[in-house]
Amino acid sequence: MDFVKFLPEEVTDIVWSHLTPDDRFSCKCVSELWSRVIDHSIQRKLMRLKTNWENILLACSRSTLESLDFVKFLPEEVTDIVWSHLSPDDRNNCKSVSELWSWRIGNFIQREHLRLKMNWENSTYFIRYFRFAEFRKLNVTLLPSNVPDDYSFYLPVLWRKKKSQLFRLQLFQITESGLTVIVKIRFPRPEELLKVCVMRNSFVFITVSRIFFFDGHQLRTIMQFFVPDPPYEPPFLTMDTHHILFFEQLSHLIIVWCKQSIKPIYHRLAEPDIYMNCSLFDGCLIISSGENDYGKTSRIEVRNLRNAHKMLQLIFLVDGKVKYLDMNERFLFMNIRTYDYRCIQVRDKESYSITYCYKYSMPCCMTHVSDDFVILKESLKNSIRSQECKILDFATGEWYTVSSSRLSNRGLQTSCDNRYIITFSGEKNSIKILDWRNNNIHILQDRYFPKSEDFVIIGVTDLMIVAIDLTTGIMINIIFEKSTTK
């Protein structure tokens, strides 16, 4: 008699708890029902362990944790279970308990990273769908998480339920378990929302009258802001861990706020005939300014926002007009135009000396910048020949040429230490994963992928690909884990 069919899960849980892991694994082979019930039992037990450990960690001081140091006598297989049930912030806090804790957690993060890379290589994934009833397209900048091992994805969505007159701006955290709402903000008039910038569970957004900042706990007004008459280009908006940068090209206004105090720490209003660009990364603000003339020079200012007494660190000049400016931890990237040539210039941020300089004659633009490479794509209009993309590898200094048919500007993203470039192919209605160093390509197809020109990839982490149909509001999550459902 199959007791699993008629006994409640509370009773079968007791049965499974008296079996060894090998016995439970053998029992899972009896039937799909047995396998599903045992999996659910294991998940409930892990959730109880997670709750217990979270309560212990919240209740214990650092000295108490050191006295209860289970890490000293438990094997890594067991402590890995503990770390896996903690949030990235909790794991980061636990690192400060002792050197042993920091070393064990670091090893766990490395193993998780390698495991996810193997899932990408072996195409181990499952797909999940969500749909927002009435969805509005947003002008969004999605910044990488400032916590290295946070594989969640944070997405702002402006939508409303059926038969509802009220729109909501909601920030979702997307994990392998599903969606979690971090904050809901009512929006009576969605057309007034101009731009949103998100970094993890915090975001800043601009309306026609104000600039707001949500720090993960509280929504605050940064500044009153009045939009001029159309046509109007929304301001440049970005942030790092500690700062928010606002730059309006029309008025040449630059303001930097401290996130904690919401007070401006840098303010600049340039002359109207000056062409400017700016970039922010980890407390470093770089501003390019010059006349709107290819024959003139541009002034580059490097400012350390963490040093209030000596913020200006360096000034240097470059020939031509800086049309594009960006940076990361190691490099400064500039797209420069003169009357004689166009060039991509890459400078090392320690000395700001030129590391790479690539001159080109055909119209070309930087479509993606990362820690390891930059992608250049030809921008020829009405060209009948096949266009190419060039990928510059900073580690080796080598150029890789990739057919533009393998890449698309729609939702270009990277993953797994920038090994993979992910894009959507409208021709075959599929997602392409390009291993650019080996020039190999993997195709992900699903019969439920929307057949729409507005289907774009909006974000990628090492855990997932997030894509959305901007017309229908259908969101697709491709999770690089084994599915836990039957």
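That block above? That's the structure.
Worth saying up front: this structure is predicted, and the values here are computed from it rather than measured.

Draft legend 1. Inspection of the overall build of the protein chain at higher detail. Each helix and strand counted, the protein chain has 8 helices and 33 strands in total. When the 486 residues of the protein chain are sorted by exposure, 47% land in the buried category. Across the protein chain, contacts joining residues at least 24 apart in sequence account for 43% of those joining residues at least 6 apart. Of the roughly 25,700 Å² of accessible surface on the protein chain, 51% is carried by carbon and sulfur atoms.

Draft legend 2. Quick look at the state of the cysteines. Scanning the model with the defined rule gives 0 disulfides in all. With no disulfide of its own, C357 has C343 as its nearest cysteine by sulfur position, at a separation of 4.2 Å. By relative accessible area, which is 42% here, C357 ends up partly exposed.

Draft legend 3. Molecular detail of the packing of aromatic side chains. Following the criterion strictly, the structure yields 18 aromatic pairs and no others. Relative to F172, the ring of F132 has its centre 5.6 Å away and its plane inclined at 45°; by these criteria the two rings are tilted. Placement of F132 in the loop between β1 (126-131) and β2 (134-136) and of F172 in strand β5 (residues 167-175) is noted, with a sequence separation of 40 residues between them. Comparing F132 with F172 shows no difference in burial state: the two are buried.

Draft legend 4. How the structure looks around unusual backbone geometry. With phi around 60°, H252 is a residue other than glycine that occupies positive phi space. Relative to the helices and strands, H252 is located in the loop between β12 (243-248) and β13 (253-258). For D282, which is not glycine, the phi dihedral falls at a positive 50°. Looking at the element boundaries, D282 is found in the loop between β15 (274-281) and β16 (284-291).

Draft legend 5. Layout of helix α8 (residues 99-121). For α8, built from 23 residues, the straight-helix expectation of 33 Å at 1.5 Å per residue is met to within 8% by its first-to-last C-alpha distance of 33 Å. S123 lies just past α8 and shows a positive phi near 55°.

Draft legend 6. Summary view of the side chain of R303. By the element assignment, R303 lies in strand β17 (residues 297-304). A polar contact is formed between the side chain of R303 and the side chain of Y266, at a distance of 3.4 Å. If near-sequence neighbours (up to four positions away) are discounted, R303 is found in contact with Y266, G283, C284, L285, M311, L312 and Q313.

Conventions adopted
- Residues numbered from 1 in each chain as written.
- Predicted model: local features only at pLDDT ≥ 70, side-chain atom pairs only at ≥ 80, totals over all residues.
- Heavy atoms only, no water.
- Helix = DSSP H or I, 4+ residues; strand = E, 2+ residues; numbered from the N terminus.
- Buried < 20%, exposed > 50% of the residue type's maximum accessible area, 1.4 Å probe, protein only.
- Contact = heavy atoms within 4.5 Å.
- Areas by Shrake-Rupley, 256 points an atom, 1.4 Å probe, with all protein chains shown as cover.
- Disulfide = S-S within 2.5 Å.
- Phe/Tyr/Trp six-rings, centres within 6.5 Å; stacked < 30°, edge-to-face > 60°.
- Expected span 1.5 Å × (residues − 1).
- Polar contact = N/O pair within 3.5 Å; in protein donor to acceptor, adjacent residues only side chain to side chain.

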